[in-house]
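What follows is the residue order along each chain.
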Amino acid sequence: MRIDILTLFPQMFDGFLSCSIIGRARERDIVDVRLHDIRAYTHDKHHIVDEYPYGGGAGMVLKPEPIFEAVEAVKEELGLSSVPTVLLSPQGRLLNHEIARQLAHCQHLILICGHYEGIDERVAEHLATDEISIGDYLLSGGEVAAMVVVDCVVRLLPGVLGSETSLVEDSHTYGLLEYPQYTRPAIYRGWSVPSVLLSGNHGEIAQWRRQQSLLRTIKRRPDLIEKAALSDEDKRLLSEAFEIKS
Ligand code: SAM
């Protein structure tokens, strides 16, 4: 997969792109991430990328020309007339696991990071094919949002994570939150790891984990459990848990 990111601050991505899972995915050529400085696509002496908003108001708005030209240059280099082009925006659809999964199927992806008061609306109307928000809060710029998108998409690419099972059981992958995880020591400051995890009985461990995952999701994210397709076994595990508690 190739991801092209348009930003005013390419240097913000340095650490992110060179470490951990993303760094390794790049080293192994699973993903090719290219950064494009929007300022490089200006033609005036002062490389102006923003202007006052028409109609007045506070702040500056990113001009459309360098952004259109940067996207067109990427498409030309790829030899493609259309490439999925995502504008990071607090007004976009909310990012979730399903959207990440869909983006992970794209061979090419362009991400546009806004800044200041935002971007001239013609970019959203005539250039971007999608607008994505990473949550109902305001960031100063789209760079952190672009990193979130790259991270959750790249970890879904085949061969990026060591163990494919960790993908299957992770929170949100199958519509529920993951069960609690423990590691050594078995007792820490008097707090013990649940005995079932030390039992070596894989059937019981799997059942306990599924039950914990269901309980945790009901308690913390009831909105998710309403959408999850629960099996008869899930319902049995839940009623068993509630019986034990009451
Ligand atoms: N004035 C804009 C508004 O009210 O919708 C907000 C501009 S924001 C300060 C600057 C840039 O940060 C946006 O253009 C966008 O690229 C990015 N941004 C801010 N919050 C975001 C969010 N929740 N998700 C994705 N991108 C965001």
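First, a word on what this report is: a plain description of the structure on this page. (Residues numbered from 1 in each chain as written. Predicted model: local features only at pLDDT ≥ 70, side-chain atom pairs only at ≥ 80, totals over all residues. Heavy atoms only, no water.)

### What about the overall build of the chain?
In terms of helices and strands, the chain carries 10 helices and 9 strands. Over its C-alpha atoms the chain spans a radius of gyration of 23 Å, topping by over 25% the 18 Å that the globule rule assigns to 246 residues. Each principal axis of the C-alpha distribution contributes one length, and for the chain these read about 70 × 40 × 40 Å. Split into buried and exposed, the 246 residues of the chain put 43% on the buried side. In the chain, the proportion of contacts linking residues at least 24 apart, taken out of those at least 6 apart, comes to 74%. Roughly 14,400 Å² of accessible area belongs to the chain as shown, and the carbon and sulfur atoms make up 52% of that amount. In the chain, the 25 positive side-chain charges and the 36 negative ones have mean positions that sit 8 Å from each other. (Helix = DSSP H or I, 4+ residues; strand = E, 2+ residues; numbered from the N terminus. Rg over C-alpha atoms; globule rule 2.2 N^0.38 Å. Buried < 20%, exposed > 50% of the residue type's maximum accessible area, 1.4 Å probe, protein only. Contact = heavy atoms within 4.5 Å. Areas by Shrake-Rupley, 256 points an atom, 1.4 Å probe, with all protein chains shown as cover. Lys, Arg positive; Asp, Glu negative; His and termini not counted. Charge placed at Lys NZ, Arg CZ, Asp CG, Glu CD.)

### Structural notes on the environment of Arg34
Tracing the chain through its elements places Arg34 in strand β2 (residues 32-37). By relative accessible area, Arg34 is classed as partly exposed at 31%. When neighbours within four sequence positions are excluded, Arg34 is seen to be in contact with Arg2, Ile3, Asp4, Ile5 and Glu77. Side-chain polar atoms of Arg34 contact the side chain of Asp32, separated by 2.7 Å. (Polar contact = N/O pair within 3.5 Å; in protein donor to acceptor, adjacent residues only side chain to side chain.)

### Side note on the sheet that holds strand β7 (residues 130-133)
Where strands meet in a sheet, backbone hydrogen bonds hold them as pairs that are either parallel or antiparallel. Spatially, 5 strands are ordered β2-β1-β6-β5-β7 in an open sheet, and the strand pairing comes out parallel. Since the sheet does not close on itself, it has two edges, and those belong to β2 and β7, each with one partner. Neighbouring strand axes in the sheet, compared pairwise and without regard to direction, differ in orientation by 35 degrees on average. Its contacts with the sheet place helix α4 (residues 97-104) against β5 (85-94), β6 (108-112) and β7, and it is angled at close to 170 degrees to β5. (Pairing = 2+ DSSP bridges. Axes fitted to C-alpha atoms, helices over the stretch in contact; angles between N-to-C directions.)

### Quick word on the packing of aromatic side chains
Enumeration according to the criterion identifies 1 aromatic pair in this entry. Measuring from ring centre to ring centre gives 6.2 Å for Tyr188 and Trp191, while their planes differ by 55 degrees; the resulting arrangement is tilted. (Phe/Tyr/Trp six-rings, centres within 6.5 Å; stacked < 30°, edge-to-face > 60°.)

### A short note on the site of the ligand
Near the ligand lie 20 residues; those nearest to it are Leu88, Gln91, Gly114, Glu117 and Tyr137. Between Gly114 and the ligand, the recorded distance is 2.9 Å, taken from a backbone N or O atom to an oxygen atom. In the complex, the protein chains occlude 86% of the 580 Å² of accessible area that the ligand would expose alone. Where the shell around the ligand is concerned, the elements lending two or more residues are β5, β7 and α6 (142-154). Tallying contributions element by element places β5 first for the shell around the ligand, with 4 residues. (Near = heavy atom within 4 Å.)

### Focus on the environment of Thr42
Mapping Thr42 onto the fold places it in the loop between β2 and β3 (50-51). The spatial distance from the C-alpha of Thr42 to the C-alpha of Thr129 is 23 Å, given a sequence separation of 87 residues. Apart from the residues lying within four places of it in its own chain, the contact partners of Thr42 are His47, Ile48, Val49 and Pro66. Within the structure, the side chain of Thr42 is placed 2.6 Å from the backbone oxygen of Arg39, a separation counted as a polar contact. At 3.0 Å, the side chain of Thr42 and the side chain of His47 are in polar contact.

### Overview of the nonpolar core
Within the largest apolar cluster, 34 residues are counted, with the highest numbers of intra-cluster contacts made by Ile3, Ile5, Leu111 and Val154. Secondary-structure elements contributing two or more residues to this core are β1 (2-7), α1 (14-18), α2 (20-27), β5, α4, β6 and α6. The biggest single contributor to this core is α6, with 7 residues. When sequence neighbours within four positions are dropped, the list of residues in contact with Ile5 reads Phe13, Val33, Arg34, Leu35, His36, Leu111, Cys113, Ala146 and Val150. Residues Leu8, Ala70, Ile119 and Ala124 belong to the second largest nonpolar core, which totals 21 residues. (Core = buried A, V, L, I, M, F, W, Y, C linked by side-chain atoms within 4.5 Å.)

### Thoughts on the pattern of salt bridges
Within this structure, the stated rule accounts for 13 salt bridges. Between Arg2 and Glu77 there is a salt bridge, with the nearest N and O atoms lying 3.1 Å from each other. A residue pair is termed long-range when its members are at least 10 positions apart, and Arg2 in strand β1 and Glu77 in helix α3 (residues 64-78) qualify at 75 residues. Judged by relative accessible area, which is 9%, Arg2 ranks as buried. Judged by relative accessible area, which is 49%, Glu77 ranks as partly exposed. Put simply, Arg2, Asp4, Asp32, Arg34 and Glu77 are held in one network by salt bridges that share partners. (Salt bridge = Lys/Arg side-chain N within 4 Å of Asp/Glu carboxyl O.)

Interpretation note: all reported values are geometric properties and have no functional meaning in isolation.
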